[in-house]
Amino acid sequence: MLRRILTNALMWLVLIIAVVWTVIPVMWMISLSFKTYGEWRTPSLLPRNPTLDNYIMLFSPQALGIFIAYTAILEPIVGPLSRTLIISATATVIAVMIGFFTAYGASRYNSPGPFTLFFTLLTRMLPPATFVTPIVIYFTTLYLIDNIIGLILLYAATTVTYAIWILKGFIDAIPVEWEEAALLEGASPLQVLFKVIIPIARPGLVVAGLFIFLMAWTELLFALVLTNLNVPLSVQVSKYVTAVGALWGVQAAAALLSSIIPLVIGYLIQRHLITGFTFGLVRG
Amino acid sequence: MGGEKASSEKPKKFDPDRRQFVITIGSAIVALGIGYALGYLTKPVERITTTVTKTVTQTVTQTVTAAPPSPTPTPVLEYPELSDVARRAVLGVKKLIADGVVPKGATLRILHVAGSKAQLEKAIELWSKYVPEIKVELITMGTEPDVYTKAMSEAVTKTGAYDIVTIFSTWLGDLVEAGLAKDITVYFSKYDPEYVGPNAPIEPLGSYTTLYKGKRYALTLDSDVFTLTYRKDLLNDPKYKEEFKATYGYDLKVPDTWEEVINIAEFFTNKKLTSPRGGRVWGAYFYVEPAFAAYISWTNIFLEAGGILFDLETMDPKVDSPEGRYAFDILLKLKPFMPPEAISAAWADLYDKYIHGESVLTAAWPSLTKMAISSPDSVVKEVTGTALMPGVKLEIGGKPTIIRASPNPVNWVGIVSNYSKYPEASYLFLQFMTAPDIGLEVILSGVILDLFRESWFKDPKYRPKAAAGYGAEFLDAYLESIKISYPDFIIRGGPEYASKLTTAVNAVMAGTMDPKTALSTVAAEWDSITKKYGRDAQLEAWRALAQLFPEPIKMAWKAKGYMK
Amino acid sequence: MPEKPPRPIKILSSLPLNLLLNGVLIIPFIIMIYLALVKWSPLVGVNWWNAPFGGVVNFQRALSDSRFIEALGRTALFVAIVVPLELLIGLLLAYILQKPFRGKRFVISLLIYPLMLPPVVVATVFYLFFQPYGPVNNIFLQYVIGPRALNIYWFLDPTLAFITIIVADTWQWTPFMFLIMYSGLSAVPKRLIEAAEVLGASEWTIFWKVRLPLIKPLISVAVILRSLEAFKVFDYVYVMTGGGPGTSTESISLYIYRLAILYSDISYAAAVSLIVLAIIFIVSYFAVKILVGRR
């Protein structure tokens, strides 16, 4: 009995430490976003003169003169935010869909085979810097520069392997008998796919989707190189700099704001993380 | 799950099965076609420009005449309120429009860095008053490496996406050799931006920031000459003067040599003073940070000691030499009297420390002085003094002479893209925005572009405005500093040469490498860079650049036999 | 299950993948290989398709480049430290959070929040954290070692700088491991757990003999994916240490970035990248075989 209490207490302690460890930098970021320019380099956890200037800067950049070194007037953050939303959402949908079908075929029929699957990992193995010049050359020919379609395709192509591998892990764990039973009852292979597999593989879909969404949401290098005027959010945040250094407070504010959408998504998907195993298959 | 490899396994690229091969290639081609179509159909439309159109409250009431005059002087002077340089630019553009070379409503695109946006927008505002037919659009990047990356990208893809690029003079060699920077020597002759005469950009800066291998490739927008910034109150304090004289045997004054800098730095660091915000006061703060600036301090001392970067006959690196060792010697002696963060923090930390009163002697760009006298956070507004950079005592012709030179790192210049649709109009925009009258207004409306024309320092028409922005004492010291300023490594590979040097200097300061190894490593690395691009080509550029160095340095080189 | 896949599945499972990857990535990849085999840089002044042939020159140069080899070793060391660390912490947290309690969804959202921030911003935050005027020194100051803490300069010492990067990476990516393993653990059928409990197994045994084997494939996937990403660590090094002091914390990704983008040494950078790619390829081939092999 005592053992149980001790173990429980220990687990609670670890959890609390983990939460505190996670939260401290975030709290510091939040306070940074409310600090005035002069306070950015101080260790204080709470701002002495809290200000909304950093946030105002994001939405109505005409508020010049807030920052001493004549910062650049940029477009309000709404534009890049919506652009990034479209890019990330579309890329995620494409990648997850393609990844799902591929994972199913690989898991059940070895089509594509294990070697191909392994090959898709190649897309994640390459340090991105050298890929910049070839991609720029290629996309310029295809008129995909400064074009959200270019980024969507690039992100989908480079993250689909995540979807494949994560989903394959989940699909592998589903007993084949259920599909065979459904097939015997006259369902078409596609119906099996949609009505049997998807509900059970939902956690996989959701986890893979979230990661791919996040990768597209925060990617910077290619977004920078492949766009000029239609910039996504990550590039926009990098532009909050002045003649004497980065506007840390504004960047913190921008990062916090831009993390709200992924945060909401992360919260909503959680009920899908519990699989339908407990529901069991009642038929047959 | 079908343990043995089923017959339907098809490894992607290595299967000899012809069908799979065809599918792979076929899908690549199909996807290429689809991508091309998609991209073409959805490519971003030519933007209607969004120039800033604030209503200008200047006292100009002259209406622009309808008939565009020719650029040669006519009996009736168009735009009498403009300087000659600006007028020639405006008239030149009007002629281009009239001749149909540039259509009305055309857009010029400028690639630039965020920090310069305020000043460029001022330039655009003034431009659109006189030349509303041509719009100017800004493509803004967050940091300088981003501008470099985009410019290089454009050099490779040649899309004509930018007409003008504002770049660091350091990159001029790279961008000329990459084919992006257009040779504008012919425009210099045609439109005369007055690089000679009382209005000229101060020599040698006007030359070395715009010439490459003897031809003009840029107009300078800026100057970035370092001056020695010091705490007047501390150096003039009678108590400290007394103690200093007692300890070191000579009067406390603005240092003339680096050895004197070390003494002053030691003296004040040992006083263990504290700043108003509770930080420690250090005697000195010179750049030794790893991201890019460490090479500045080292090269400054090296050149003043008479060192030459590359042999003028063979392009061999000459950094592993007594002058190179001397430079490290000085820096290492300074190290205990500089804040340890100097070795790891970003360049803005130097600014932060000085304006909060935590360093006594320091050196940086003109923006440091501007910030010190006008930032609300600054505690040193009244007590900032400016002087020439300290020098090195050498024997020239039997006489001991102090050789002084000021670094001019980075320095924004404007280039015209070789792939621009309207190169002449682009050039004229640059000439307009750097004209004696327009240029001063542009510079005074922001921070990162600084004064470069001599008339701004001397001409009573301009000097009061400049003094209001920078402080009169600073102006005089700054003018002298520009006259003895030397260029960055403005040859092909300049950024790489500088970067390798910075890494080595930073390593030595951090204690992870000893000076001897550092110097030989840098020499070897520089040599392989030179080999990469061709010794002769590099030598040609270096020889041309060496001629543009300031007199004191050339004098030292000649005295040491490095230069004939 | 029939051996051969039915028509629609066969098409769906390979055609879209082929279209996407081949259409977007193959041609640039071929261009990259071409660039590695020539001697070209934009600064040389010729068009890239006219570049002089170089053969294996770039590869030979890479093999004798000590900065490259050190960066490789350093990055490998980084991965070897960071991935197991994140795995263990993530697994521990995933296990602890199996028990339902009020506000669990909120806590999980909190724990995975680090993933939602751009790595650049996280790097900036930790950069400010480890400054002499930052919270780390000023909190250490109060609790652990007293006023001397103010004199610790994290970015001046190669080892300390390395530690800061490990801290930043761990902070941001442990939630990745946690999330995967949490979803995996949640998928373990309750009936199995109940059966084991009925048989009298202790919680420890249940963990080792029931839960762990069932999520092993997911652990392998997580480790492989995370290791691949960790090897490419860039943002933290770039922002926090700049590879310094000197080059003592330069990761391979940063070195390649400098080569390709700052020095415009495109051909050499391509060759270096291909060597790195080949090494990772071979290593992960064996890793996958061992970890996931049975399938």
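Within any chain, residue numbers begin from 1 and follow the written order of that chain's sequence. A letter from A marks each chain and a number from 1 marks each ligand, given out in the order of writing. Only residues with pLDDT of at least 70 are given local features in this predicted model, and only at 80 or more are side-chain atom pairs given and counted; all residues enter the totals for whole chains, interfaces and linings. Working from all heavy atoms in the structure, the side-chain values ignore hydrogens and water.

**Q** Would you explain the overall build of chain B in this entry?
**A** Secondary structure elements follow DSSP: runs of H or I of four or more residues count as helices, runs of E of two or more count as strands, with numbering from the N terminus. Counting its secondary structure elements, chain B contains 23 helices and 15 strands. Only heavy atoms matter for contacts: two residues are in contact if any of them lie within 4.5 Å across the pair. Counting only contacts in chain B whose residues sit at least 6 apart along the sequence, the fraction spanning at least 24 positions is 75%. Put simply, chain B shows about 20,700 Å² of open surface, and 57% of that area lies on carbon and sulfur atoms. What sets the accessible areas is the Shrake-Rupley method with a 1.4 Å probe; for residues, cover comes only from the shown protein chains.

**Q** Mind showing me how you'd approach the domain arrangement of chain B here?
**A** Note on interface size: it is often stated as the accessible area lost on association of the parts. Residues and elements named next belong to chain B. As used throughout, domain bounds are those supplied by an automatic or database domain assignment. Annotation of chain B at the domain level lists domain 1 (84–217 + 412–449) and domain 2 (227–408 + 488–558). A straight line from the C-alpha centre of domain 1 to that of domain 2 covers 31 Å. Between domain 1 and domain 2, the contact holds 20 residues from the first and 18 residues from the second. Across the interface of domain 1 and domain 2, roughly 1,500 Å² is buried in total on both sides, 61% from carbon and sulfur atoms. Any Lys or Arg side-chain nitrogen found within 4 Å of a carboxyl oxygen on Asp or Glu counts as a salt bridge. At the junction of domain 1 with domain 2, the criterion picks out 2 salt bridges. With a closest N to O distance of 3.6 Å, E177 and R492 form a salt bridge. By buried area we mean the combined loss of accessible area, with a 1.4 Å probe, across both parts when two parts are placed together.

**Q** Where do I start with the packing of aromatic side chains in this structure?
**A** Pairing of aromatic side chains here covers Phe, Tyr and the six-membered ring of Trp, requires ring centres within 6.5 Å, and sorts the geometry by plane angle: under 30 degrees stacked, over 60 edge-to-face, intermediate tilted. Counted under the stated rule, the structure contains 71 aromatic pairs over all chains. Judged by centre distance (5.2 Å) and plane angle (70°), the ring pair of F310(B) and Y497(B) falls under edge-to-face. Taken together, the residues F310(B) in the loop between α11 (294–304) and α12 (322–334) and Y497(B) in helix α20 (residues 494–510) connect sequence positions 187 residues apart. Burial classes: relative accessible area under 20% of the type maximum marks a residue as buried, over 50% as exposed, and values in between as partly exposed (1.4 Å probe, protein chains only). Overall, the relative accessible area of 0% leaves Y497(B) in the buried class. Lysine NZ or arginine CZ positioned within 6 Å of the ring centre and within 35 degrees of the ring normal marks a charge as sitting over the ring. Taking NZ or CZ as reference, R280(B) lies 4.3 Å from the ring centre of W282(B), over its face. Of note, R61(C) hangs over the ring of Y268(C), and the distance from its end group to the ring centre comes to 3.7 Å.

**Q** Whenever I open this one, the sheet that holds strand β8 (residues 282–285) of chain B confuses me. Can you help?
**A** Working definition: the strands of a sheet are paired by backbone hydrogen bonds and lie parallel or antiparallel to each other. Residues and elements named next belong to chain B. Only when DSSP finds a minimum of two bridges between them are two strands counted as paired. On the basis of which strands lie adjacent, the open sheet formed by 4 strands has the order β8-β9-β7-β10 and mixed pairing. Across the chains shown, the open sheet's two edge strands, defined by having one partner strand only, are β8 and β10 (384–387). Going across the sheet, the axis of each strand differs from the next one's by a mean of 20°, ignoring polarity. Pairing analysis gives 4 bridges linking strand β7 (residues 227–231) to β10, with the strands arranged antiparallel. Across the sheet, L228 pairs through a bridge with A387, a residue of β10. Note on method: axes are straight lines fitted to C-alpha atoms, helices fitted across the in-contact stretch only, with angles between N-to-C directions ranging 0 to 180 degrees. Across the sheet, helix α19 (residues 472–483) is in contact with β7 and β10; its angle to β10 comes to roughly 25°.

**Q** Looking at this model, I keep getting lost on the interface of chain A and chain C. Mind explaining?
**A** In this assembly, 93 residues from chain A lie in contact with 96 residues from chain C. Across the chain A/chain C interface, buried area totals approximately 8,900 Å², and carbon plus sulfur atoms make up 82% of it. Linking chain A with chain C are 1 salt bridge. Think of a polar contact as two N or O atoms within 3.5 Å of one another; within protein, one of them needs to be a possible hydrogen donor and the other a possible acceptor, and neighboring residues in sequence only count if both atoms come from side chains. Taken together, the links from chain A to chain C amount to 10 residue pairs in polar contact (both at pLDDT 80 or more). If one sorts the elements of the side of chain A that touches chain C by residue count, helix α1 (residues 2–33) of chain A sits on top with 17 residues. For the side of chain A that touches chain C, the per-class residue count stands at 67 nonpolar, 17 polar and 9 charged. Gly falls in the polar group here, along with every residue not listed as nonpolar (Ala, Val, Leu, Ile, Met, Phe, Trp, Tyr, Cys, Pro) or charged (Asp, Glu, Lys, Arg).

**Q** Please explain a nonpolar patch on the surface as it appears in this structure.
**A** Like charges within 9 Å and nonpolar side chains (Val, Leu, Ile, Met, Phe, Trp, Tyr) within 5 Å are joined into patches, using only residues over 30% in relative accessible area that form no salt bridge. Judged by side-chain polarity, I260(A), V264(A), Y267(A), L268(A) and F106(C) come together as a nonpolar surface patch covering roughly 490 Å² of accessible area. Tallying contributions element by element places helix α13 (residues 260–268) of chain A first for the nonpolar patch, with 4 residues. If you trace the backbone, Y267(A) turns up in helix α13.

**Q** Help me understand unusual backbone geometry, please; the structure alone is not making it clear to me.
**A** Note the cis peptide between E203(B) and P204(B), where omega equals 0°. Mapped onto the elements, P204(B) comes out in the loop between α6 (185–191) and α7 (205–208). If you check the backbone angles, D146(A) has positive phi at about 60° while not being a glycine. Tracing the backbone shows D146(A) in the loop between α6 (132–141) and α7 (148–172).

**Q** Please clarify how the environment of K335(B) should be interpreted in this entry.
**A** All names here are of chain B. Here K335 is to be found in the loop between α12 and α13 (348–355). Note: C-alpha distance between K335 and A265 (70 residues apart in sequence) is 9.8 Å. Discounting chain neighbours no more than four positions away, the residues touching K335 are I343, M509, A510 and G511.

**Q** Is there a simple way to explain the pairing of strand β3 (residues 164–168) of chain B in this structure?
**A** If a strand is regular, its side chains alternate between the two faces of the sheet. All names here are of chain B. The buried count for β3 comes to 5 of 5 residues, which makes it a mostly enclosed element. Inspection of the sheet shows strand β1 (residues 107–113) paired to β3 by 2 bridges, in the parallel sense. Bridged to L111 within β3 is V165.

**Q** Sorry if this is basic, but what is going on with the packing of α7(A) against helix α9 (residues 203–231) of chain C here?
**A** Packed helix pairs are characterised by how far apart their axes lie and by the angle those axes make with each other. Remark: α7(A) packs on α9(C), axes separated minimally by 9 Å, with the N-to-C direction vectors making an angle of 165°. Between α7(A) and α9(C), the crossing angle belongs to the class labelled roughly antiparallel. You can see that α7(A) and α9(C) cross each other, and the crossing is left-handed. Residues Y162(A), W165(A), I166(A) and F170(A) of α7(A) form the contact with α9(C), whose own contacting residues are L218(C), V221(C), L225(C) and E229(C). Classifying every residue of the contact of α7(A) with α9(C) by side-chain character gives 7 nonpolar, no polar and 1 charged. In what follows, roughly perpendicular refers to angles from 65 to 115 degrees, roughly parallel to angles under 35, roughly antiparallel to angles over 145, and oblique to any angle outside these ranges. Working rule for handedness: look at the near helix, and if it is turned counterclockwise from the far one by less than a right angle, call the crossing left-handed; if clockwise, right-handed.

**Q** I would appreciate a short explanation of the packing of α13(B) against helix α14 (residues 366–374) of chain B in the present structure.
**A** All names here are of chain B. Running from N to C, α13 and α14 point in directions that differ by 35°, and their axes come no closer than 10 Å. The handedness of the crossing between α13 and α14 is right-handed. Across from L350, Y351, Y354 and I355 in α13, the residues of α14 making contact are S367, L368, M371 and A372. Here the contact of α13 with α14 is built from residues that sort into 7 nonpolar, 1 polar and no charged.

**Q** I tried to follow the nonpolar core on my own but got confused; where do I start?
**A** Judged by nonpolar contacts, the single largest core of 404 residues is most densely connected at I166(A), W298(B), F429(B), W526(B) and W542(B). With 18 residues, the top contributor of residues to this core is helix α9 (residues 189–218) of chain A. Two domains each donate at least three residues to this core, and these are domain 1 (84–217 + 412–449) and domain 2 (227–408 + 488–558) of chain B. Contacts of W298(B), omitting those with residues within four sequence positions, involve V319(B), G324(B), A327(B), F328(B), L331(B), L501(B), V505(B) and L519(B). What makes a nonpolar core is a set of buried Ala, Val, Leu, Ile, Met, Phe, Trp, Tyr and Cys residues whose side-chain atoms join them at distances within 4.5 Å.

**Q** I keep staring at helix α4 (residues 104–111) of chain C and nothing clicks. Help me out?
**A** Given 3.6 residues to a turn, an α-helix orients residues that are three or four positions apart in the same direction. Among all positions of α4(C), only K104(C), V107(C), I108(C), S109(C) and L111(C) are buried. Of the surrounding secondary structure, the elements contacted by the buried residues of α4(C) are α1 and α13 of chain A together with α7 (158–186) of chain C.

**Q** Before we go on, may I ask you to explain the sheet that holds β3(B) in this structure?
**A** Residues and elements named next belong to chain B. Here we have 5 strands laid out as an open sheet, ordered β2-β1-β3-β14-β6, and mixed in their pairing. Either end of the sheet is taken by a strand with one partner, and the two such strands are β2 (135–141) and β6 (219–220). Summarising the sheet, β3 and strand β14 (residues 412–416) pair through 5 bridges and their orientation is antiparallel. Bridge pairing in β14 links I167 to V413. Its contacts with the sheet place helix α4 (residues 144–157) against β1, β2, β3 and β14, and it is angled at close to 135° to β1. In the packing of helix α15 (residues 423–433) onto the sheet, the strands contacted are β1, β2, β3, β6 and β14, and the crossing angle to β14 comes to about 160°.

**Q** What exactly am I supposed to notice about the environment of L17(C) here?
**A** Along the chain, the position of L17(C) falls in helix α1 (residues 7–37). Judged by relative accessible area, which is 3%, L17(C) ranks as buried. Leaving out residues up to four positions away in the same chain, L17(C) has contacts with I98(A), T102(A), T120(A), V160(A), I164(A) and N22(C).

**Q** Can you help me understand the side chain of K150(B) in this one?
**A** Inspection of the secondary structure puts K150(B) in helix α4. Of the side chains with opposite charge, D146(A) comes closest to the buried, unpaired K150(B), at an N-O distance of 6.9 Å. Leaving out residues up to four positions away in the same chain, K150(B) has contacts with L224(A), V225(A), L226(A), T227(A), N228(A), L111(B), M141(B) and Y162(B). We score Asp and Glu as negative and Lys and Arg as positive, and we do not count His or the chain ends.

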